[in-house]
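Coordinate inspection notes
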Amino acid sequence: MAALQTSIQGLSAAAARDRLELHGPNTAEDRPETTALRLLLRQFESPLVLILVFAAVISLVLQDWTDAAIILAIVFGSTLMGFSQEYRASNAMAALRRRLALTVKVLRDGLAQTIPAADVVVGDLLLLSAGNLVPADGIVIEANDFLVTEASLTGESFPVEKRPGTAPVDAVLTARTNSVFLGTSVRSGTATVVVVKTGRQTVFGGIATTLQKRPPETDFARGIRQFGYLLLRVMIVIVLFALTVNVLLERPAIESLLFSVALAVGLSPELLPAIVSVTLSAGARAMAGRGVIVRRLEAIENLGSMGILCVDKTGTLTEGVMVFSGSMDAECRSSADVQRLAFLNAAFETGIENPLDAAIVAACERERFRTDGYRKIDEIPYDFLRKRLTIVVAEHDVPANHLIVTKGAFDNVLAVCSTVGFPGAEVALDAARRKRLAAYFREKGAEGLRVLGIASKRVPAKAHYGHDDEAEMVFAGFLLFSDPLKRGIEGTVRDLAALGVRIKIVSGDNRYVTAHVAEAIGLDSATLLTGQQVANMRDEALWHRASRTDLFAEVDPQQKERIVRALRRSGHAVGYLGDGINDAPALHAADVGISVDQAVDVARESAEIVLLRPDLDVLRRGVEDGRRTFANTLKYIRITLSANFGNMVSMALATPLLPFLPLLAKQILLNNFLSDLPSMAISADHVDSDSVAKAQRWRIGELQRFMITFGLISTAFDLLTFAVLLYGFGVDEATFQTAWFVLSLLTELAVVLVLRTQQPALRSRPSSLLLGSTVVVSTVALAVPYLGAVTTAFGFVALSGPVLASIILIVVGYVAATELAKLKVSRGRRLPRRSRGGGRPRAR
């Protein structure tokens, strides 16, 4: 501590502030802050933007100042539009991240205070307890039954005990029993730790620097990548075809190259990154307003596609407010002596905070129970294998002996007892008495009461106690707790089922209470599997049984994870809702991990979705919001890709048939820019109820069929337009390009309103912003041939009345044909078919 210039009182606030400024924040991630300048420059990283810049450079070299200016104006217009939207989205997500930033308790100026983990500096004194994530590397200076899980660093799943002392300088990580490390988590007990390394100087930071691991690809990110491959293949074919034809027809090389570049840009939804970012961040903001915080934007899609939700019952299905209902002796009668034992155990416990102990202490203090006359000697912390907590106390008037008090799961407490206590006597715990006690336990559990066992014994005093001392104990009685169902939970479960989300209870509680809760909310308790049954199953058997089982009771943390993996392996998209230390493995394993704002650090940091209160109805609304968000993202991709594909195919086909280019490069770029303007409003568009009622997934094959079907409809009407203009009116080059520019832009705008819904377009109301922007841009499209300087700059000419009327009639015919084709495709998609009930699972 002298070397670190700190003391047992901790650092002063001034010293901590100076060290933070000198060494920077305590983070192992080398993630630069997303500044406005960085976001703006990122807009120019797109290959499509670079292609356009290249085209502008060619125009400048050729001294074609008008074309260069037009191309650069469109480049900067698109990038600024994308920047403004992403900047707003980035600020919104930064605010949400700050809201969920990890905090830690430290000593500063001798006072305990809570600060952001990023503000921890070398020399700080950390106050750690069960459920905390360790925020830095440090040396343990005080510890009380302090167990730490180091699986993230060592791969060892069992927690290790840490205590003050020294370790050899060259000791391996697992031998440093006096040290804790960033990235590990506290399983039980408490400790005071002095920080010696922070951020990238920690062991975890060093590993991260060496490996530079990328986060696992989500289903959403994989869908975007596969969509990009599809787009690239189509683009290469069309562009090479057009370029080859123009070369063979001996058209000007530079003009042909610019035309091919414009085709590539016209086919590509270059605003897709901005649209995805805006849509997902808008969804995240809306969800935050309803009490659902998204820690990773891609998790919105995973939440919407979830088909199974695994939950613990306490605090989710029930109120989560434990009420101490009574203490019963071995003869099932109310007993003040049993209550006193429970109070001593709960009042002196310093490990994992839990509502059961809080309920005991609150009830006993109301009845004026006190710890006066007792002194705590030792504690054997609770763990998820023993399922017991033991406290050792000394009674002031009996210094030679110590009293051991153990409470926990009924079966686990009874297993370490050899006798049972009756008033004035102790008798052997034979099979008949075990049977009677077990019957009472089942009876109370079936009534919905949580039942713990409690035992005690007096032993000669000694300094330290361990697991071996939990033996030959005297069974004292039962502790009863009530936790009523949440109001309206049955309706919420039904609403989730209507959304295609099936609830499964995965609980460490006993089978009788779990079955009682399940039956009360309408689940099938006959399919219950216990932790022991799960342990005896091979993986293949669990894959088969897990899908058909609604209740898993008496399971440990590793079994929770195994159940989640079994459900995913059998083809389901699985969500897991948990808030405790024992939920962290399952949260990692699920397609989407969900926790609550009040959860322990390790659970909250393992989750991708955080609820501001443990309420399934909040989550139900989150599922609906996730589906709306993903539906709007798919809208943009489907509409833009099919419309652009149709127009580009039309131009590629027209290239060898026409004596001139169907559109100039600058006209293609202007068309693409104007058609993208209303697309920015898709993120706030209304979503039909049938799109929310079922989960949607990335299906590249379906997207490809959609693109070809509706793109070729567009191409058919384009070819009709070519025939009308060339053979009906006999127009010249400039008139042809102007007329087709207007028609292609109008069809792209009209198809947004048609294909945004699977219902008849007139029955599904678009958002005011989408409808208004579409009308405005449509007006601009009709006015472009008559805008003087703008018309001249882009090579347009004024259109005659008959030509303009023909264009409008073709647009009306195109809208009608697209609407009929959409309804036919939608009916085919709604035909009944077999489903695996939740979609393909996501790799993590």
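Residue positions are counted from 1 within each chain, in the order its sequence is given. Two thresholds apply to this predicted model, a pLDDT of at least 70 for residue-level local features and 80 or more for giving and counting side-chain atom pairs, whereas whole-chain, interface and lining totals are computed over all residues. Side-chain measures here rest on the full set of heavy atoms in the structure, leaving out hydrogens and waters.

**Re the overall build of the protein chain**
Formally: Helix numbering and strand numbering both begin at the N terminus, where a helix is a DSSP run of H or I of at least 4 residues and a strand a DSSP run of E of at least 2. It only takes one pair of heavy atoms within 4.5 Å for two residues to be counted as in contact. Here the accessible surface of atoms and residues is derived via Shrake-Rupley with a 1.4 Å probe, and residues count as covered only by protein chains that are part of the display.
Within the protein chain, the secondary structure is distributed over 29 helices and 23 strands. Restricting to contacts in the protein chain with at least 6 residues of sequence separation, those with at least 24 account for 74%. Split by element, the accessible area of the protein chain, about 36100 Å² in all, is 58% carbon and sulfur.

**Thoughts on the pairing of strand β9 (residues 308–311)**
Put simply, the test is: To sort residues, take the accessible area from a 1.4 Å probe on protein chains only and compare it with the maximum for the residue type: under 20% means buried, over 50% means exposed, and anything in between is partly exposed. For two strands to pair, DSSP has to find at least two bridges joining them.
Of the two faces of β9, the one holding I308 and C310 and the one holding L309 and V311 are both buried throughout. Summarising the sheet, β9 and strand β18 (residues 502–506) pair through 4 bridges and their orientation is parallel. The partner of C310 across the bridge, within β18, is K504. Pairing geometry for β9 and strand β21 (residues 574–577), over 4 bridges, is parallel. In the sheet register, I308 faces β21, and the bridge partner there is V574.

**Brief notes about the environment of V148**
Assignment of secondary structure puts V148 in strand β4 (residues 137–149). Classification of V148 by relative accessible area gives buried; the value is 0%. Each C-alpha atom, one on V148 and one on V186, is 4.5 Å from the other, the two residues being 38 residues apart in sequence. Residue contacts for V148: discarding those within four places in its chain leaves P159, V160, K162, V180, T184, S185, V186 and R187.

**Focus on the packing of helix α23 (residues 665–676) against helix α26 (residues 733–755)**
In plain terms, the rule: For helices, the fitted axis covers only the stretch in contact; all axes are lines through C-alpha atoms, and the angles between them, taken along N-to-C directions, range from 0 to 180 degrees. Angle categories are assigned with fixed cut-offs, so that under 35 degrees is roughly parallel, over 145 is roughly antiparallel, 65 to 115 is roughly perpendicular, and the rest are oblique. Take the far helix as the reference: if the near one is turned anticlockwise from it by less than a right angle, the crossing is left-handed, and if turned clockwise, right-handed. Ten residue types, Ala, Val, Leu, Ile, Met, Phe, Trp, Tyr, Cys and Pro, are classed as nonpolar, four, Asp, Glu, Lys and Arg, as charged, and the remainder, Gly among them, as polar.
Interaxial distance between α23 and α26 falls to 10 Å at its minimum, and their mutual angle equals 25 degrees. Taken together, the axis directions place α23 and α26 in an arrangement best described as roughly parallel. Helix-helix and strand crossings are classified by hand; for α23 and α26 the assignment is right-handed. Across from Q667, L670, N671, L674 and S675 in α23, the residues of α26 making contact are Q737, F741, S744, L745, E748 and L749. Residues that form the contact of α23 with α26 fall into these classes: 5 nonpolar, 5 polar and 1 charged.

**Some thoughts on the side chain of R108**
You can see R108 is positioned in strand β1 (residues 103–108). Exposure remark for R108: the relative accessible area of 9% places this residue in the buried category. Excluding residues that lie within four positions of it along the chain, R108 makes contacts with Q9, L11, S12, A16, Q113, I115, D119, V121 and D124.

**Here's the deal with the sheet that holds strand β20 (residues 551–553)**
Here we have 8 strands laid out as an open sheet, ordered β8-β23-β22-β21-β9-β18-β20-β19, and mixed in their pairing. One side of each edge strand has no neighbouring strand; the edge strands of this open sheet are β8 (292–294) and β19 (529–530). Here 3 bridges tie β8 to strand β23 (residues 609–611), and the two strands are oriented antiparallel to one another. Residue pairing for β23: V294 is matched across the bridge by I609. Contacts from helix α19 (residues 557–569) reach β9, β18, β20 and β21 within the one sheet, and its direction differs from that of β21 by about 160 degrees.

**As for the pattern of salt bridges**
Defined as follows: The working definition used for a salt bridge is a side-chain nitrogen of Lys or Arg within 4 Å of a carboxyl oxygen of Asp or Glu.
Considering all chains together, one arrives at 30 salt bridges under this definition. R333 serves as the salt-bridge partner of D329, at 4.0 Å between the closest nitrogen and oxygen. Classification of D329 by relative accessible area gives buried; the value is 10%. R333 gets classed as partly exposed once you look at its relative accessible area, which sits at 45%. When salt bridges with common partners are traced through the structure, they connect D617, R620, R621 and E624 into a single cluster.

**Description of helix α12 (residues 355–366)**
Test applied: Multiplying 1.5 Å by the helix residue count minus one yields the expected span of that helix.
The end-to-end C-alpha distance of α12, which contains 12 residues, comes to 16 Å, matching closely the 16 Å that a straight helix rising 1.5 Å per residue would cover. For α12, every residue scored as buried is listed here: L356, D357, A359, I360, V361, A363 and C364. Those residues of α12 that are buried are in contact with β10 (323–329), α11 (336–348), β12 (388–395), β13 (398–409), β16 (450–460) and β17 (473–482). Backbone geometry just after α12 places R368 at a positive phi near 65 degrees.

**A word on the pairing of strand β14 (residues 417–422)**
Pairing of β14 with β17 involves 3 bridges; the strand directions are parallel. The residue of β17 that forms the bridge with T419 is V474. Relative to strand β15 (residues 425–428), β14 runs antiparallel, the two being bridged by 4 bridges. Across the sheet, the residue bridging to V420 is V427, located in β15. A loop of 2 residues connects β14 with β15, the two strands running antiparallel in sequence, and G424 in this loop sits at a positive phi of about 80 degrees.

**Concerning the packing of aromatic side chains**
Note the cut-off: Whether two aromatic rings pair depends on their centres lying within 6.5 Å, for rings of Phe, Tyr and Trp, where Trp uses its six-membered ring; planes under 30 degrees apart make the pair stacked, over 60 edge-to-face, and the rest tilted. Only when the NZ atom of a Lys or the CZ atom of an Arg is both within 6 Å of the ring centre and within 35 degrees of the ring normal do we say a charge sits over the ring.
Tallying each qualifying case throughout the model produces 14 aromatic pairs. Residues F741 and F796 carry aromatic rings whose centres are separated by 4.7 Å and whose planes lie at 40 degrees to one another, so their mutual orientation is tilted. One end of the pair, F741, is in helix α26; the other, F796, is in the loop between α28 (789–793) and α29 (801–829), with 55 residues separating them in the sequence. The burial state of F741 is the same as that of F796; both residues are buried. Three or more aromatic residues joined by ring pairs form one cluster here, namely F410, Y440, F441, F475, F478 and Y512. The positively charged end of R569 is found above the aromatic ring belonging to W543, 4.3 Å away from the centroid. Over the aromatic face of F706 sits the side chain of R638, whose NZ or CZ is 5.7 Å from the ring centroid.

**Comments concerning unusual backbone geometry**
Although it is not a glycine, E472 adopts a positive phi angle of roughly 55 degrees. Residues other than glycine seldom take positive phi values, yet E554 does so here, at roughly 60 degrees. Checked against the element boundaries, E554 lands in the loop between β20 and α19.

**Considering the nonpolar core**
Note the following rule: Working definition of a nonpolar core: buried Ala, Val, Leu, Ile, Met, Phe, Trp, Tyr and Cys residues. They are joined through side-chain atoms within 4.5 Å.
L309, I594, I609, L611 and L616 are the most contacted members of the largest nonpolar core, which totals 63 residues. For this core, the leading source of residues is helix α22 (residues 616–657), giving 5 residues. Setting aside its immediate chain neighbours within four residues, L309 contacts V501, R502, I503, K504, G575, Y576, L577, I594, L616 and L619. Formed by 57 residues, the second largest nonpolar core is a distinct cluster that contains V649, L670, V754 and L770.

**Description of the confidence of the model for the protein chain**
Filter applied, for reference: Scored between 0 and 100, pLDDT is the confidence that the predictor attaches to each residue.
A residue-level look at the protein chain finds 83% of positions with pLDDT of 70 or above and a mean pLDDT of 82. Overall, residues 210–216 carries pLDDT values under 50, and its contacts beyond four positions in sequence, including any with other chains, amount to 5 contacts. Confidence drops under pLDDT 50 across residues 831–844; counting only partners more than four residues distant or on other chains, this segment forms 43 contacts.

**Some details on a nonpolar patch on the surface**
Basically, it comes down to this: Each patch is built from residues lacking any salt bridge and having more than 30% relative accessible area; the joining distance is 9 Å for like charges and 5 Å for nonpolar side chains (Val, Leu, Ile, Met, Phe, Trp, Tyr).
Residues L782, I808 and V812 make up a contiguous nonpolar surface patch of about 230 Å² in total accessible area. Tracing the chain through its elements places I808 in helix α29. Exposure remark for I808: the relative accessible area of 39% places this residue in the partly exposed category.

**Here we look at the environment of V398**
By the element assignment, V398 lies in strand β13. Since its relative accessible area comes to 27%, V398 is described here as partly exposed. A C-alpha to C-alpha distance of 9.9 Å links V398 and Y374, two positions 24 residues apart in sequence.

**A short note on the packing of α22 against α26**
Contact geometry for α22 and α26: axes closest at 9 Å, N-to-C directions at 155 degrees. Relative to α26, the element α22 is oriented roughly antiparallel. Crossing of α22 against α26: the hand is right-handed. When α22 is examined against α26, the residues I639, S642, A643, N644, N647, S650 and M651 are found in contact with a partner set consisting of W740, S744, E748, V751, V752 and L755. A per-class count over the contact of α22 with α26 returns 7 nonpolar, 5 polar and 1 charged.

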